[in-house]
Amino acid sequence: MQQVNAQPKGSYLTKLNMDNGLANNKVNCVLKDKRGFVWLGTEDGLSRYDGKHFTNFASRSNDSTTLPGAIVTSLLEDNDSIIWIATADGGLTAYNYRLSAPLQLTNYQPHTATGVLHIEKITADFSGNLWLAAAGYPMLRFNKSTRQFDMPFKEAVITAEAVCIDSAGMLWMGSMGGGLLKIDTRNLQSTYVNIAGATTVNSSTLITSLFTGSDLALWCSTASHALFCLSTGNTQPAVVKTFNGKQRPDDEIIHFAETPDNLVLMSGRHSGMIMYDKQTGTFSTYSNGFSQQHDLLSDHVNCVYNDYTGITWLGTNYGVYVYNPLYHPFSQIFLPPANGNITVYDFYKDIHGSLWIATSNGLFVQKNGSSGFEHRALSWNGVPLSVQKILADTDGSFYLGTDYSLFVYNPAGNALSLLPNTANDPVMGRLKAPGIVSIVKDTIHHHPVLIVSPYGYPLAGYDLAEQKWIHPFGNNVTPNQVRKICRIATGGLWLATATNGLKLLQQQATAPYYSLQQRTIKSNLQTSDIFDVLEDGAGNIWASSYGGGLIRYNNATQTAANIEESSNLVEGLQNDPAGNIWMISNGHLHKYNPHARKYSCYSLPGSVYSSIKGYMYKDNNGILYIGGTNYYIAFDPQQVKEITSDPTVYFTDFKIFNDSYNHLLSNGNIHLAHNQNYFSIEFAAPEFSGGGNVQYSYMLEGVDADWINSGDRNFASYSNLPGGDYVFKVKAGNWRGTHGTQVTALNIHITPPIWQHWWFYLLPLLLVAGILWLQYRAKIKALLNRQEIRNKIAKDLHDHLGSTLSSIAVYSQVAKINQQQQKEEQLTSILDKIGNTANEMIGEMSDIVWAINPLNDQVINFINRIESFARPLCAASNVTLLIHYDESLTQLNMDMDKRNHLYLMCKESINNAVKYANASSITLHIGIRNNQLLCTIEDNGCGFQYDAVIQQARSSLSGNGLKNMAARAASIKASYKIDTGPGTGTRISITCPLP
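Criteria and thresholds
In this numbering scheme, every chain counts its residues from 1 along its sequence in written order. The predicted origin of the model limits local features to residues at a pLDDT of at least 70 and limits the giving and counting of side-chain atom pairs to 80 or more, whereas totals for whole chains, interfaces and linings rest on all residues. Computation of side-chain values: all heavy atoms of the structure, hydrogens and water removed. Secondary structure is summarised from DSSP: a helix means a run of H or I of at least four residues, a strand means a run of E of at least two, and numbering begins at the N terminus for each. Burial here depends on accessible area, computed with a 1.4 Å probe over protein chains only, as a share of the maximum for the residue type. Under 20% is buried, over 50% is exposed, and the range in between is partly exposed. Residue contacts are counted whenever heavy atoms from the two residues lie within 4.5 Å of one another. Only the protein chains shown count as cover for residues, and the accessible areas themselves come from Shrake-Rupley with a 1.4 Å probe. Stacked, edge-to-face and tilted labels apply to pairs of Phe, Tyr and Trp rings (six-membered ring for Trp) whose centres lie within 6.5 Å, assigned for plane angles under 30 degrees, over 60, and everything in between, in that order. A pair of sulfur atoms, both from cysteines and within 2.5 Å, is called a disulfide here. Residues with no salt bridge and a relative accessible area higher than 30% make up the patches, which join like charges within 9 Å and nonpolar side chains (Val, Leu, Ile, Met, Phe, Trp, Tyr) within 5 Å. Here, a salt bridge means any Lys or Arg side-chain nitrogen found within 4 Å of an Asp or Glu carboxyl oxygen. We call a set of buried residues a nonpolar core when its members are Ala, Val, Leu, Ile, Met, Phe, Trp, Tyr or Cys and they connect through side-chain atoms within 4.5 Å of each other. UniProt positions are given in the numbering used here, feature names are shortened, and annotations may be inferred rather than shown by experiment. Any pair of nitrogen or oxygen atoms within 3.5 Å is treated as a polar contact; in protein, a donor-acceptor pairing is required on top of that, and neighbouring residues in sequence qualify only through side-chain atoms on both sides. By this rule, a helix spans an expected 1.5 Å times one less than how many residues it contains. The pairing criterion for strands is at least two bridges between them, as found by DSSP. Angles shown run from 0 to 180 degrees and are taken between the N-to-C directions of axes, each axis being a line fitted to C-alpha atoms and, for helices, limited to the stretch in contact.

It is worth spelling out the overall build of the protein at this point. Within the protein, the secondary structure is distributed over 6 helices and 73 strands. Out of the 995 residues in the protein, the part that is buried amounts to 51%. Partitioning the contacts of the protein with sequence separation of at least 6, the portion at a separation of at least 24 is 52%. Of the roughly 46100 Å² of accessible surface on the protein, a fraction of 50% belongs to carbon and sulfur atoms.

Following this line, the structure appears as structure tokens:
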């Protein structure tokens, strides 16, 4: 036997670094915001952590949407949930998660800064002003309302090194070469504090860290390793305690925090984390080498932070370490170092409170109240023994199941002996590894019998009365791979087998004394590989398995069912007084509450080599023990707090086509256009139990028929949604298959496109109706136009043809009379008039026929018509006719009315020039400008007095030509102008709009 000391009890620290997604391993400051997210300021950016995922905010040059500085030194959240970020290389930055992604970060620099503002610490007073300890400045104050910096104490101190605000609103400032300064932030009155009795503190002392506790105590540390505590409750602060290097590690304290259980936490520059218990007045340390794995990798702790849920965060150069008080009931005890690894298999606590530990290296004994171990190495015939199982009989006998055989053990003399008649037994005389894995005591025919499972062999029994090995089991009753034997209250034996599921053996009066019952649980389970079996207080059977997870057998209904919430791989089982089932699964500790159907995972840290595994042991006090490699864990299940089963979910981003529109989340209602119907919603439920087991379920009402289990995926995407109103809901549970009750909702309205509105479907009907109406109107108009043309033709025929024919008829009667009277001269004159009148009528008829013919709509036909009229007329009078026109007019059309009126106006103008102007030359020019037809008739004749002619026309019935031309111009909306004068010729300009 060898007496050895135990390693210290481990307090569980979980380490997070860049391998987990942290921006940088050097963590300078920590903050938990009001929503529950943890912010970690690092040497290369800022990280937001929700318990599983990291979101990093980096610093990139020439990108104003990122952090202006990479070295984050201090963090603070104000009453508006704005996070203020102090950096050593980028000044002061505000982060507002409610804004859109490009606008979330806003940087501020004082106008007096000659370079980058290097901030060491940031705090806020009761008015909301920020106070900054910055290199090269006495003290900076930042007014959040005006966004301005000022320096209220330019002459008071040289450089502010440390700053904090106490519960009374007093600002305490430590400086380089300036001692300790107290400032009333309401009136800016400042005084140096007279620290009576603190001989190591004076006006030249460099104060490096300040902290105010819940009891109005001000903790102060200096660069010279001094540490003292002041009471600030009185008018004059007084030193309560001064701690020297003998009471605590002789080190500079660079950061403070306080826990709800009256512990002051301090981060040492070279001594790790130092804890001061205010109740006992004692110090303890947590430093490098504290345990085998979950210790600090460095004695330099940059910061210590205790959040409002009681979790402690330690920022180091190797990442952040997290201590969660949830795991305080768990004790991790390390066995003494050995040449090789030591696997812990089983436990037994005796009536004296001593704990016996069965391991791969013999026995370890921890006496009650002792922190050390007694190592009892065991061997048989020179073969070292691995102890797998311990059975302490009520008669005081001590049995050890080993990888060699079953032994009787004498604790007092540390002596082993084989049971009588064992050496010659073909099986039990010498086992092969792994050896005996389970032992129970039973009674057969009033004989006490030990039932053992030598793994790889059939079950064996040892009759303690007859001192021999017996075989009380029938052929093929038990398999060779029985992992666990469980004797139930009714006397039967439940067997956990590796290949044949769960079996029940019952005793019978004659040999073989155990028979296989029909309640063999195999075919209706998901697996046949059972690891452990346990009977609870209600007589139900619980089994763990590889592949089927946790199994419950209801003894009353004789039915078995897999617990859906459990992991597939489950090993050792134990129950507690509350009826909870505790189990080992995938190296973690799980708990199942069968009454509430609540499943929880406690992620206990393992050792360097392995995590917890194997079976669990429960002592008479209800303490549970779990073995690992080189250590074991003990805990009281009644002291373990529940893990939050339904953490609150927060929306963290809203993206449309992968572009962030985070600002739309601010009021819980989002309005989108119809072409913004491809979006994703990101969410997170901050939860820090250590397992990272948060599972999400979500649904979009109006799209999803039921909740969608997304596992740990913290986003949902939707595309091609029709217009309408939707409600996105999300909730979280702390284990797969569990669903929380807290639902976070987001209202989303997608404006339908115009073609999806009800009134849009009326548009085609209205359009068709409009087209039909227009067609009808066009048809009616065409009919009216044709009727108007008919009427006009009839009128023209009546006016011109009727009057002309009447004139001819009158002239004919006159001609007859002249012929009868033989008046030859008068007869000839009358006949000439009849001929001229007939020719005029023929011309007018030709004009009418030309005007109504649609083949003449082109402008070129209009020009040709004028030329065919004017050319002979001018030639007969020896008048030179010149016609000019633009070639672009040849393809243009004019409607009949415009063409006819314009032709008659030109015809009248040319006719007047030939008959009355005595002109020798007439020029006709036809062109186009601004979609208007320009027609000019110009002669070199005698001209006339325009005003006099107009006046004469108004006072007599003659002179209708000019009136007719003006009327025709008005009817086709043309402009009409005459430029003339005696002896200057005449110029007539007509401007007619084209269709």
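Here we come to the packing of aromatic side chains. Across all of its chains, the model carries 53 aromatic pairs by this definition. Here the aromatic rings of tyrosine 625 and tyrosine 632 are separated by 6.4 Å at their centres, their planes lie at 45°, and the arrangement is tilted. Tyrosine 632 sits in the buried class, given a relative accessible area of 3%. Pairing phenylalanine 679 with tyrosine 718 gives two aromatic rings, centres 6.2 Å apart and planes at 45°, and the pair type is tilted. Taken together, the residues span a long stretch of sequence, with phenylalanine 679 in strand 63 (residues 679-684) and tyrosine 718 in strand 66 (residues 715-718) at a distance of 39 residues. As far as burial versus exposure is concerned, phenylalanine 679 and tyrosine 718 are alike and both buried.

This paragraph deals with the state of the cysteines. Under the criterion given, the structure shown has 0 disulfides. Residue cysteine 303 stays outside any disulfide, its sulfur separated by 6.4 Å from that of cysteine 29, the closest cysteine. A residue is classified by how much of its surface remains accessible, and cysteine 303, at 1% relative accessible area, is buried.

For the rest of this paragraph, the subject is a nonpolar patch on the surface. Together, Ile754, Trp755, Trp758, Trp759, Leu762, Leu763, Leu765 and Leu766 give the surface a local cluster of nonpolar side chains, amounting to about 900 Å² of exposed area. Among the structural elements, tryptophan 759 can be located in the loop between strand 68 (744-750) and helix 1 (762-820).

Turning our attention to the nonpolar core. By size, the foremost hydrophobic cluster in this structure holds 54 residues, and its most contacted members are Trp313, Phe654, Phe679, Phe683, Phe728 and Ile748. Apart from the residues lying within four places of it in its own chain, the contact partners of tryptophan 313 are Leu16, Val30, Val38, Tyr49, Cys303, Val304, Tyr305, Asp307, Val320, Tyr321, Val322 and Phe688.

Attention shifts here to the UniProt feature "transmembrane region" (unreviewed entry) in the protein. When the UniProt feature table is mapped onto this chain, "transmembrane region" (unreviewed entry) is found at residues 758-776. Secondary structure over residues 758-776 splits into 79% helix and 0% strand, and the C-alpha atoms at its two ends are 28 Å apart.

Secondary-structure assignment places serine 545 in strand 50 (residues 541-545). Residue class for serine 545 comes out buried when judged on its relative accessible area of 0%. A polar atom in the side chain of serine 545 sits 3.1 Å from the backbone nitrogen of glycine 548. Of the polar contacts made by the side chain of serine 545, one reaches the backbone oxygen of glycine 549; its length is 2.8 Å.

Attention shifts here to the pattern of salt bridges. Applying the stated rule across the entire model yields 23 salt bridges. Across the pair aspartate 619 and lysine 349 runs a salt bridge whose closest N-O atoms are separated by 3.5 Å. Highlighted residues: aspartate 619 in the loop between strand 57 (616-618) and strand 58 (624-627) and lysine 349 in strand 31 (residues 344-349), separated in sequence by 270 residues. You can call lysine 349 partly exposed: its relative accessible area is 22%. Members of the salt-bridge network, linked through shared partners, are Lys591, Lys598 and Glu642.

Position of serine 271 relative to the elements: it lies in the loop between strand 24 (263-268) and strand 25 (273-277). Among the polar contacts listed, one links the side chain of serine 271 to the side chain of aspartate 251, at a separation of 2.8 Å.

To continue, consider helix 4 (residues 896-916). For helix 4, with 21 residues, the first-to-last C-alpha span of 30 Å sits near the 30 Å given by 1.5 Å per residue. Downstream of helix 4 by one or two residues, asparagine 918 has phi in the positive range, about 55°.

This part is about helix 3 (residues 859-876). The end-to-end C-alpha distance of helix 3 is 26 Å, a good match for the 26 Å that 18 residues give at a rise of 1.5 Å each. By the burial criterion, the buried members of helix 3 are Val859, Ile860, Asn861, Phe862, Ile863, Arg865, Ile866, Phe869, Ala870 and Cys874.

The subject of this paragraph is the sheet that holds strand 56 (residues 598-602). On the basis of which strands lie adjacent, the open sheet formed by 4 strands has the order 53-54-55-56 and antiparallel pairing. What marks the edges here is a single partner per strand, and that holds for strand 53 (573-575) and strand 56. In this sheet, neighbouring strand axes are inclined to one another by 25° on average, regardless of whether the strands run parallel or antiparallel. Inspection of the sheet shows strand 55 (residues 588-593) paired to strand 56 by 5 bridges, in the antiparallel sense. Bridge assignment links leucine 589 to a residue of strand 56, and that residue is tyrosine 602.

Our focus in this paragraph is the pairing of strand 72 (residues 975-980). Across a regular strand the side chains alternate sides, sitting on one face of the sheet and then on the other. Here strand 72 pairs with strand 73 (residues 986-993) via 6 bridges, running antiparallel. Of the residues in strand 73, the one forming a bridge with isoleucine 978 is isoleucine 988. From the end of strand 72 to the start of strand 73, which pair antiparallel, there are 5 residues, and glycine 983 there has a positive phi angle of about 80°.

Relative to the elements of secondary structure, leucine 99 occurs in the loop between strand 9 (92-95) and strand 10 (105-108). Residues leucine 99 and serine 666, spaced 567 residues apart in sequence, show a C-alpha to C-alpha distance of 7.9 Å. When neighbours within four sequence positions are excluded, leucine 99 is seen to be in contact with Gln104, Asn662 and His663.

Let's shift gears to the sheet that holds strand 8 (residues 83-87). In spatial order, the strands read 7-8-9-10; together these 4 strands make up an open sheet with antiparallel pairing. The open sheet is flanked by strand 7 (72-77) and strand 10, the only strands paired with a single partner. For this sheet the average axis-to-axis angle between neighbouring strands, irrespective of direction, equals 25°. Bridge count between strand 9 and strand 10: 4 bridges; the pairing is antiparallel. Opposite leucine 92, over in strand 10, you have tyrosine 108 as the bridge partner.

Its place among the elements puts methionine 894 in the loop between strand 69 (880-885) and helix 4. Each C-alpha atom of the pair methionine 894 and proline 995 lies 7.2 Å from the other, and the pair is 101 residues apart in sequence. Filtering out sequence-adjacent residues up to four positions away, methionine 894 remains in contact with Asp857, Val859, Phe862, Arg899, Leu902, Leu933 and Leu994.

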